[in-house]
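# Coordinate analysis (summary)
Each chain is listed here by its residues.
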Amino acid sequence: MLRSAAPMLRRGMARRTSGRVKVIGAASTAVAPSSPSLPPRRTMTSGGGDRLRGSSWGESIPDEHREPDEETEGEWEGCYRKFLTPISVGSRGVEILYNPLFNKGAAFKGGERDRLRFRGLLPPRRMNIKIQKERALLEIRAEPDMIRKHIILEDIHDRNETLYHRILIDHMEEMAPIIYTPTVGQACSEFSVLYRRPRGMYFSAEDRGHMAAMVYNWPQNDVRVIVVTDGSRILGLGDLGINGMGIPIGKLSLYCAAGGIAPHRVLPVVLDVGTDNPALLKDKFYLGLQRPRLQGSAYYQVIDEFINAAAHRWPNVLIQFEDFSSDKAQTILNKYRNEVLCFNDDIQGTGATSLAGILGALRARGESPRSLGDQRILIVGAGSAGMGVAQVLYQAMIEHGRSPEEAKDCFFVADERGLLASDRLGRLSPEQAMFARDGDGGLSLREIVNKYKPTMILGMSAVGGLFTEDLIRDMAKHCDRPIIFPLSNPTSKAECTAEQAVKWTDGRCIFASGSPFDPVEMENGKTFYPTQCNNMFIFPGIGVGVTLCGAKTVTDRMLYVAAEALANYLSEEELALGKVFPNLSTIRDVSKKVAVAVIEEAIRTGQSSKLSEKDLRDLDAFVQSKMYDPIYVPLIEKRTITI
Ligand SMILES: NC(=O)c1ccc[n+]([C@@H]2O[C@H](COP(=O)([O-])OP(=O)(O)OC[C@H]3O[C@@H](n4cnc5c(N)ncnc54)[C@H](O)[C@@H]3O)[C@@H](O)[C@H]2O)c1
Ligand SMILES: O=C(O)C[C@H](O)C(=O)O
Ligand SMILES: [Mg+2]
């Protein structure tokens, strides 16, 4: 039985505006939070916008052409939506079955099996994506071990990208910790041993002089986003060399699922400049170059050659720098930020995300965003993340009318040698020096807390357990609702756990962490809901925004408006539960709002070369229409017809 899904969608899909939850029409493609009383969410997008090899993936289709409701249809009907422009593929037979971008496994229809010449190469029974997803979920959920779940999901990624992204989108809260932080940390640590199939590109020190040609080995002409690491600081786990590849892969999975960039448009990259990790240098299974890291100009030449090669082949590509060690990260960003479309996620993405979380926390305290400039902010860890956050918060204070001096005075930045102050000026980076205090150099964390009574403490030290009971109890003495953000990843590096923060502050803290924590049952019987302060709330939307509008650079102000959009997304209901970030299940809608804010900022500064009059009329609908939606699109064989 076939019938339109539109009425169900009208009932079931929700999105927020200005912190409120609203029911919206089926025309929206937003992914709304699932609810046990509602039918499974469907996202409604379709053919035309997101083109692959001359055919389509993406854009909105009118209601009357929507796919039949999978709930009520036969088990192999509805594998496709009606009226989707087919994708023409340059291959046939087994080649398609082994191409994860095109493979649909048992969901290939009969006609397609004939057309593409693989009838007989698959078991006869056909299934739709819903049944395939159900089967995958059974397998994932039956496995208690997070890394084994990760392997199962990444195997699906390697076989069938459509199914993989469908699973991520429909079950984001459950899947994000498996494919991303924290499990991706373990996946990176074991990358060489777990390695199965190639994904992404590796440019090594031995490829110098060849990179401009090597980029043409990548089969896609329209790459929009590259996430690149040199593996030198993978989460808080240090130098993992090429094993860090798991990070660009995980980030780009979120670009696709949470941001709506189509999978053929993303490229994970590792620059293998060696490793200084002694264990990897002698590990017989390690897949990277077993030599010390390049240093100085030799190192920067590799970076330069790669960036030039990538920007030459894909002139509009966004390059996201990820997990570069702090001694190089800012230099690289400063060098390229005005030359190519790029940003550093750990510096700028984390800054914007933390600002959003802090604005949410101020709202939870009943304070206005302007009160940011009244805070005393203790930042623990003066690496790229810590200094990136300090910079963005500082800019936000200036934006809200504080003078540079007033703004700087709000900050207390500490590393393992204590409070950063002018006595260390010669040994501090320019970013650190900007926040060095005039006196009290070397004060310990407890001394800072007891002398300056900070209202918030943000951990980016990569030292698990650094926020001790004494420290947090002291903070809670001086502050009614202390803001406690242990942002280091993965979980083992978190400066404290949610449970500890709640216990040591008698439930008064406002808490968010880099890696997820489970809800905490408090002594008064209430439940405390920790939220995740992770740059995943920002980078997909930035990427979608700048690539859709044709921006040439990622500006600081784009990051600021992105943070505001994220902060505004937080609903009153979430705030009431103590959350300072939206539920992960809404991340696709969050990314859309972030993208719209970024595009508006690009328009304001004349950086929106790609947008037409029609696009500008309704930016929300425009972004929505361009978001990749993992559905099975009919395939046809590409042929050259000669008469
Ligand atoms: N939640 C997020 O979205 C997010 C984003 C980026 C980075 N991070 C996390 O932040 C952490 C730091 O990242 P980074 O790139 O800045 O790394 P980094 O290694 O450059 O910085 C760590 C900083 O902590 C300082 N430090 C070390 N031991 C300390 C101690 N005992 N007391 C105080 N300070 C100490 C170091 O001197 C350094 O300044 C990592 O764990 C990373 O995973 C989280
Ligand atoms: O990767 C993450 O989870 C966040 C951040 O980019 C980090 O380096 O920790
Ligand atoms: Mg990172």
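The rules behind the values
Residues numbered from 1 in each chain as written. Chains lettered and ligands numbered in written order. Predicted model: local features only at pLDDT ≥ 70, side-chain atom pairs only at ≥ 80, totals over all residues. Heavy atoms only, no water. Near = heavy atom within 4 Å. Polar contact = N/O pair within 3.5 Å; in protein donor to acceptor, adjacent residues only side chain to side chain. Areas by Shrake-Rupley, 256 points an atom, 1.4 Å probe, with all protein chains shown as cover. Nonpolar A, V, L, I, M, F, W, Y, C, P; charged D, E, K, R; others polar. Helix = DSSP H or I, 4+ residues; strand = E, 2+ residues; numbered from the N terminus. UniProt positions renumbered as here; feature names shortened; annotations may be inferred. Contact = heavy atoms within 4.5 Å. Salt bridge = Lys/Arg side-chain N within 4 Å of Asp/Glu carboxyl O. Buried < 20%, exposed > 50% of the residue type's maximum accessible area, 1.4 Å probe, protein only.

### Notes on the site of ligand 2
Inspection of the region around ligand 2 gives Y180, T181, R233, L235, K251, E322, D323, D345, D346, N489, N534 and N535 as its neighbouring residues. Residue K251 places a side-chain N or O atom 2.9 Å away from an oxygen atom belonging to ligand 2. Here D323 contributes a side-chain N or O atom positioned 2.9 Å from an oxygen atom of ligand 2. Relative to its unbound accessible surface of 260 Å², ligand 2 loses 92% to contact with the protein. Across the shell around ligand 2, the residue classes tally to 2 nonpolar, 4 polar and 6 charged.

### Brief notes about the site of ligand 1
Every one of the 27 residues lining ligand 1 counts as a neighbour, but R233, S326, T350, A382 and E416 are closest to it. Within the side chain of R233, a nitrogen or oxygen atom sits 2.8 Å from an oxygen atom of ligand 1. Computed on the free molecule, ligand 1 has an accessible area of 860 Å², of which 85% lies beneath the protein chains in the complex. Those elements that place two or more of their residues in the shell around ligand 1 are α15 (345–364), α16 (384–399) and β10 (411–415).

### Points about the side chain of N128
Along the chain, N128 turns up in the loop between α3 (110–115) and α4 (129–142). Polar contacts involving the side chain of N128 include one to the main-chain amide nitrogen of K130, which spans 3.1 Å.

### A closer look at the UniProt feature "binding site: a divalent metal cation" (unreviewed entry) in the protein chain
In the UniProt entry, the feature "binding site: a divalent metal cation" (unreviewed entry) is given for E322, D323 and D346. Across 25 residues, the annotated set stays spatially compact, with a maximum C-alpha separation of 6.7 Å. Here E322 is to be found in the loop between β7 (318–321) and α14 (326–336). If we skip the residues at most four places from it in the chain, E322 touches V227, V228, T229, I247, K251, D345 and D346. A polar side-chain atom of E322 sits 3.4 Å from a polar atom in the side chain of K251. Relative to the elements of secondary structure, D323 occurs in the loop between β7 and α14. Excluding its chain neighbours within four sequence positions, the residues that come into contact with D323 are T229, D230, G231, S232, R233, I234, L235, I247 and D346. A polar contact of 3.0 Å, which involves the side chain of D323, links it to the backbone nitrogen of L235.

### Points about the pattern of salt bridges
Counted under the stated rule, the structure contains 38 salt bridges. Between R437 and D409 there is a salt bridge whose closest N-O contact spans 2.9 Å. Of this pair, R437 sits in the loop between α18 (430–434) and α19 (445–452) while D409 sits in the loop between α17 (404–408) and β10; the two residues are 28 residues apart in sequence, bridging distant segments of the chain. Note on D409: relative accessible area 46%, which makes it partly exposed. A salt bridge links K451 to D440, with the shortest nitrogen-to-oxygen separation between them at 2.9 Å. Of the two residues, K451 sits in helix α19 while D440 sits in the loop between α18 and α19, which places them 11 residues apart along the sequence. Residue K451 is classed as partly exposed on the basis of its relative accessible area of 48%.

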